[in-house]
Amino acid sequence: MQDVTISVIARMKSDFPTKFGIPRQSGLVDELRSTIIFEPEFRNPDTLRGIEGYSHLWLIWQFSESVRSDWSPTVRPPRLGGNTRLGVFATRSPFRPNSLGLSSVKLLGVEHTEEFGTVLHVGGADLMDGTPIFDIKPYIPYGDCHPEATGGFTDTAGEYLLEVDFPEELLSILPRDKRDAAIGVLSHDPRPSYQRDPERIYGLSFAGFNIRFTVKAQTLLVQEVTPLSP
């Protein structure tokens with residue numbers, strides 16, 4: 001197999017310090033806010049000239065926490081219960097020959113900063129904090145949007161949404177601008193598909209807080225919110 005050299009052009013700054021709880025696809029939680037910070041050698045503002053004209057971007061990035069030396073031709077998608085095997089190229093599993101991810105995100109703004117040069121603020125991203133980004137391309141509606149497309153087994157994804165019971169006294173602990181995003185993330189059921197114990201307490205690290213919750217039937221109940229250790 002031929003080796004190819006590829007450079008990291010940027011890294012994502014997001015509210016997810018770990019993989020647990022990250023939405024399974026980009027765009028599922030519009031309220032999520034992230035920032036793309038370019039590596040020093042790519043901080044030439046000319047590289048972004050004209051990008052303000054687009055509403056959405058494609059990100060090509062690495063599943064940096066899932067890199068393996070080997071790979072399998074089949075994987076077990078969590079949404080199928082973790083028991084059904086499909087071809088790796090028929091899924092968006094992170095366990096791929098080249099560990100590459102593809103996400104469509106909303107461009108919210110372009111900001112010129114003293115510390116990091118020009119950065120991009122985006123919405124709806126499904127990337128962990130620190131994720132290396134290899135390329136950024138504009139989303140072009142006439143070529144990239146296919147309303148008639150079918151989504152295979154993912155067409156039933158909406159059936160997995162949970163009702164979130166987030167007591168006001170706990171929700172108020174989170175910064176106001178993070179509350180809707182937290183509820184959105186929780187509604188998409190962060191649990192692994194093989195864990196369905198209604199008595200088990202799960203912990204989600206998000207925006208500097210640990211959110212502990214249980215799930216019974218189709219309702220997720222938040223039990224505790226505490227600051228993460230520095």
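Treat the numbers as computed from the prediction; the structure is a model and nothing was measured.

(A) Region of interest: the overall build of the protein. Looking only at helices and strands, one finds three helices and twelve strands in the protein. Against the globule reference of 17 Å for 230 residues, the protein gives a C-alpha radius of gyration of 19 Å, in line with a compact fold. Its C-alpha atoms give the protein principal-axis dimensions of roughly 55 × 45 × 35 Å. A total of 230 residues make up the protein; the buried ones form 39% of that total. For the protein, contacts bridging at least 24 residues in sequence account for 67% of all contacts bridging at least 6. With the model as given, the accessible surface of the protein reaches about 13,500 Å², and the carbon-plus-sulfur share is 51%.

(B) Focus on the sheet that holds strand β11 (residues 209-216). Pairing is mixed in the open sheet, where four strands are placed in the order β9-β12-β11-β10. The open sheet is flanked by β9 (163-165) and β10 (202-206), the only strands paired with a single partner. Between one strand axis and the next, the sheet turns through 35° on average, direction left out of account. Inspection of the sheet shows β10 paired to β11 by five bridges, in the antiparallel sense. Across the sheet, Y202 pairs through a bridge with F213, a residue of β11. Relative to the sheet, helix α3 (residues 179-187) contacts β9, β10, β11 and β12 (219-227), its axis offset from that of β10 by approximately 140°.

(C) Layout of the sheet that holds strand β8 (residues 132-138). Strand order around the closed barrel formed by six strands is β1-β2-β7-β6-β3-β8, with antiparallel pairing between neighbours. Averaged over neighbouring strand pairs, the angle between their axes works out to 45° when direction is ignored.

(D) Representation of the nonpolar core within the structure. Formed by 26 residues in total, the largest nonpolar core has its most connected members in F166, L186, F206 and I211. At the level of secondary structure, the elements contributing two or more residues to this core comprise α2 (168-171), α3, β10, β11 and β12. Filtering out sequence-adjacent residues up to four positions away, L186 remains in contact with L162, V164, F166, L204, I211, F213, L220 and V222. Grouped together as the second largest cluster of nonpolar side chains are 19 residues, A10, L59, V122 and A125 included.

(E) Main features of the packing of aromatic side chains. The tally for this structure, following the rule as stated, stands at four aromatic pairs. In this structure, R68 packs its charged tip against the face of F95, placed 4.1 Å from the ring centre.

(F) How the structure looks around a nonpolar patch on the surface. A cluster of nonpolar side chains, namely Y54, I140 and Y142, defines an oily patch on the protein surface of about 350 Å² accessible area. The residue I140 is located in the loop between β8 and α1 (141-144) in this model.

(G) Structural context of the pattern of salt bridges. For the structure shown, the criterion picks out nine salt bridges. In this structure, the salt-bridge partner of R11 is E39, at a minimum N-O distance of 3.8 Å. Separated by 28 residues along the polypeptide, R11 in strand β1 (residues 10-13) and E39 in the loop between β2 (33-38) and β3 (56-62) bring together distant segments of the chain. For K178, the salt bridge is made with D15, and the minimal N-O distance between the two is 2.8 Å. Pair noted here: K178 is in the loop between α2 and α3 and D15 is in the loop between β1 and β2, with a separation of 163 residues, a long-range link. The two residues K178 and D15 agree in class, both being buried. One network of salt bridges, in which partners are shared, links D189, R191 and R196.

(H) Quick peek at unusual backbone geometry. Unusually for a residue other than glycine, A207 sits at a positive phi of about 55°. By secondary structure assignment, the location of A207 is in the loop between β10 and β11. Given a relative accessible area of 17%, A207 falls into the buried group. Despite not being glycine, A217 has its phi angle at roughly 55°, a positive value. Note on placement: A217 falls in the loop between β11 and β12. The class for A217 is exposed, based on a relative accessible area of 70%.

(I) Representation of the pairing of β1 within the structure. Burial of the side chains of β1 is restricted to one face: A10 and M12 are buried, whereas none of R11 and K13 on the reverse face is. Sheet analysis places β1 next to β8, joined by two bridges and oriented antiparallel. By the bridge assignment for β8, A10 is matched with I133.

Here is what the cut-offs are and how they apply
- Residues numbered from 1 in each chain as written.
- Predicted model: local features only at pLDDT ≥ 70, side-chain atom pairs only at ≥ 80, totals over all residues.
- Heavy atoms only, no water.
- Helix = DSSP H or I, 4+ residues; strand = E, 2+ residues; numbered from the N terminus.
- Rg over C-alpha atoms; globule rule 2.2 N^0.38 Å.
- Buried < 20%, exposed > 50% of the residue type's maximum accessible area, 1.4 Å probe, protein only.
- Contact = heavy atoms within 4.5 Å.
- Areas by Shrake-Rupley, 256 points an atom, 1.4 Å probe, with all protein chains shown as cover.
- Pairing = 2+ DSSP bridges.
- Axes fitted to C-alpha atoms, helices over the stretch in contact; angles between N-to-C directions.
- Core = buried A, V, L, I, M, F, W, Y, C linked by side-chain atoms within 4.5 Å.
- Phe/Tyr/Trp six-rings, centres within 6.5 Å; stacked < 30°, edge-to-face > 60°.
- Lys NZ or Arg CZ within 6 Å of the ring centre and 35° of its normal.
- Patch = residues over 30% accessible without salt bridge, like charges linked within 9 Å, V, L, I, M, F, W, Y side chains within 5 Å.
- Salt bridge = Lys/Arg side-chain N within 4 Å of Asp/Glu carboxyl O.

Coordinates in, geometry out; function isn't part of it.
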